[in-house]
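# Structural overview for review
Read off the chains here:
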Amino acid sequence: MGRVIRQILTASAVIAGLFFTWELGVTLTGIPEYILPAPSAFLERFWETLPLQIEHLRITATTTLAGLALALVVGVFLALAVVYVKALKVLVLPALAAFNGIPKVAIAPLFVIWFGLGDEPKVLLAFLMGLFPVFVNAVSGLGDVEPDVLDLAKLAGGNEWRIFHKVRLMNALPHLTDAVKVAFPLALVGSVVAEFIGGNRGVGYLILSGQASLDTSLVFACLFAITLFTSAGIGAVVIVEEFALKWRASRRR
Amino acid sequence: MTDTRVPMALTVERLTKVFPTGTAIDQLSFEAPEHKFVTLVGPSGCGKSTAMRIITGLLPPTSGVIRIGGRMVDGPIADAALVFQSPVLLPWRRTVDNILFTAEMRGSDPAQYQERALNLVRLAGLNGFERSYPHELSGGMQQRVAICRALLLDPALLLMDEPFGALDILTRERMGFELQRIWMTTRNTVLFVTHSITEAVLLSDYIVVMTGRPGRKKATINVDLPRPRSTKTLEDPRFLDLAGRVRDHLEAQWVE
Ligand SMILES: Nc1ncnc2c1ncn2[C@@H]1O[C@H](COP(=O)(O)OP(=O)(O)O)[C@@H](O)[C@H]1O
Ligand SMILES: [Mg+2]
């Protein structure tokens, strides 16, 4: 836990230093606010629009987390299929890899055509963005168990179910927390991009309206809000790891 | 060949294993009397690990018959336990929970084995490390946990495949004596594999010397040195004589 706090403090110090340099640079060069607002300017805008920020971030956060949860469930389920049914491995792996090659952001307009301007296309895009990293990590977490461990388990009389929940699942946990750290920001990209394309709610929409009125400070204020959200999400995962995956401490050191 | 008065924990009859790459084991026969310590010695690649896997039923033989406690082996048998060269502990389990792993895999209530696990911890000199994670233990201690795990269900046959092969030379020597001490308490029948002639003679009641690829039986040597054997034993002329005989059998192959 001490390590986590130290990391947070270090990160905060780095960001403070960065903002200070930025502030100084903008003041000295006299760049106009509509091109590049100084941190003081967009932080002030953030504060002014706080209720608005909270309202829209709540919507974006909901679709992001829903998409991420779906990605976790479906990704783990697909991984289970691949790990347990050898025949599926040759089918699912290439199919998913090929699918991952499609820039999902590019097909987002299709989702708006199919599902309208509501939450569905946002959740769907967030889900698709998060699916692949979850799947890949789950496959290695559930599948890459030392063969000697499996022999030992079988020899002691272990059946598939016991081996699954006492060996494979535990082995997969750190892979899954790693997966969430990657998939979470990706799912957020999915939600925000879908908001760009259609609808009148969410941080993506707020950014667009800032752009339309050349309110650059508002755009930056939104980016700041999103960054806070991502950091909080990743932070939550790290805290879970710190408590639930204590045994992994040595590997990270 | 069989002495019917001594019950056999393990009999291996004309065991042959052919891989697509060639014959690994050729007509290997030997036996391990109950409560005895039997060691397989042979050059690398002569099929010792393969023989161990076949004996546990994890790998089918090409031909031949294995019996453990009189019962024919035709699949993984819960009556045998394995210790590998690496400890293969589960990193998320503390010492006691790693030892209880075999009980859980068998489907028993681990609470029933808690006391036995703690006794084994004490026997193996791991007191104070009951709640340590594997990464907090030294290599020698990890291997002792693996031995305790293998002994938890009191197996009819304990198979150890070069269990000290990954340890440094000093730890290895100490682990040999530790194993002897543990074994003299539990007296499970052991089938041990090693490259070290010294280790083989110090630990065994019988040594089965194997030829290089394909593995065949070269000789069986009866080690009748009194126990417990100690560093003193290393200077005993009978020990030197036995070690010499094992070496002769191994070196004879170099000339062939
Ligand atoms: N699964 C396998 N497929 C093909 N060849 C194998 C396999 N396992 C072992 N072998 C071969 O069988 C021989 C014996 O191997 P092994 O039992 O590991 O020897 P040892 O343990 O005595 O060093 C080796 O030549 C090895 O290459
Ligand atoms: Mg081997």
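Description of the structure in this document. Small disclaimer: the values here were computed from a predicted structure and weren't measured.

Each pair of packed helices can be described by the angle between their axes along with the distance between the axes. Residues and elements named next belong to chain A. Contact geometry for helix H6 (residues 120-143) and helix H8 (residues 160-197): axes closest at 7 Å, N-to-C directions at 160°. What the angle tells us is that H6 and H8 run roughly antiparallel. Crossing handedness for the pair H6 and H8: right-handed. For the contact of H6 with H8, the per-class residue count stands at 19 nonpolar, 8 polar and 4 charged.

This next bit is on the site of ligand 1. Residues and elements named next belong to chain B. All residues in the neighbourhood of ligand 1 are listed as Phe19, Thr21, Ala24, Gly42, Ser44, Gly45, Cys46, Gly47, Lys48, Ser49, Thr50 and Arg213. With 3 residues, the single largest contributor to the shell around ligand 1 is helix H1 (residues 48-55). Grouping the amino acids of the shell around ligand 1 by side-chain chemistry returns 3 nonpolar, 7 polar and 2 charged.

For the rest of this paragraph, the subject is the sheet that holds strand E8 (residues 189-194) of chain B. All names here are of chain B. With mixed pairing, the 6 strands of this open sheet are ordered in space as E6-E7-E8-E3-E9-E10. Of all strands in the sheet, those with a lone pairing partner are strand E6 (80-83) and strand E10 (217-222), marking the two edges. Recorded for the sheet is a direction-independent mean angle of 15° between the axes of neighbouring strands. As judged from the 4 bridges shared by strand E3 (residues 37-41) and strand E9 (residues 206-210), these two strands associate in the parallel manner. Bridge pairing links Thr39 to Ile207 in E9.

Reading guide: rules and limits
- Residues numbered from 1 in each chain as written.
- Chains lettered and ligands numbered in written order.
- Predicted model: local features only at pLDDT ≥ 70, side-chain atom pairs only at ≥ 80, totals over all residues.
- Axes fitted to C-alpha atoms, helices over the stretch in contact; angles between N-to-C directions.
- Helix = DSSP H or I, 4+ residues; strand = E, 2+ residues; numbered from the N terminus.
- Parallel < 35°, antiparallel > 145°, perpendicular 65-115°, else oblique.
- Left-handed = near helix turned anticlockwise from the far one by under 90°.
- Nonpolar A, V, L, I, M, F, W, Y, C, P; charged D, E, K, R; others polar.
- Near = placed C-beta within 6 Å.
- Pairing = 2+ DSSP bridges.

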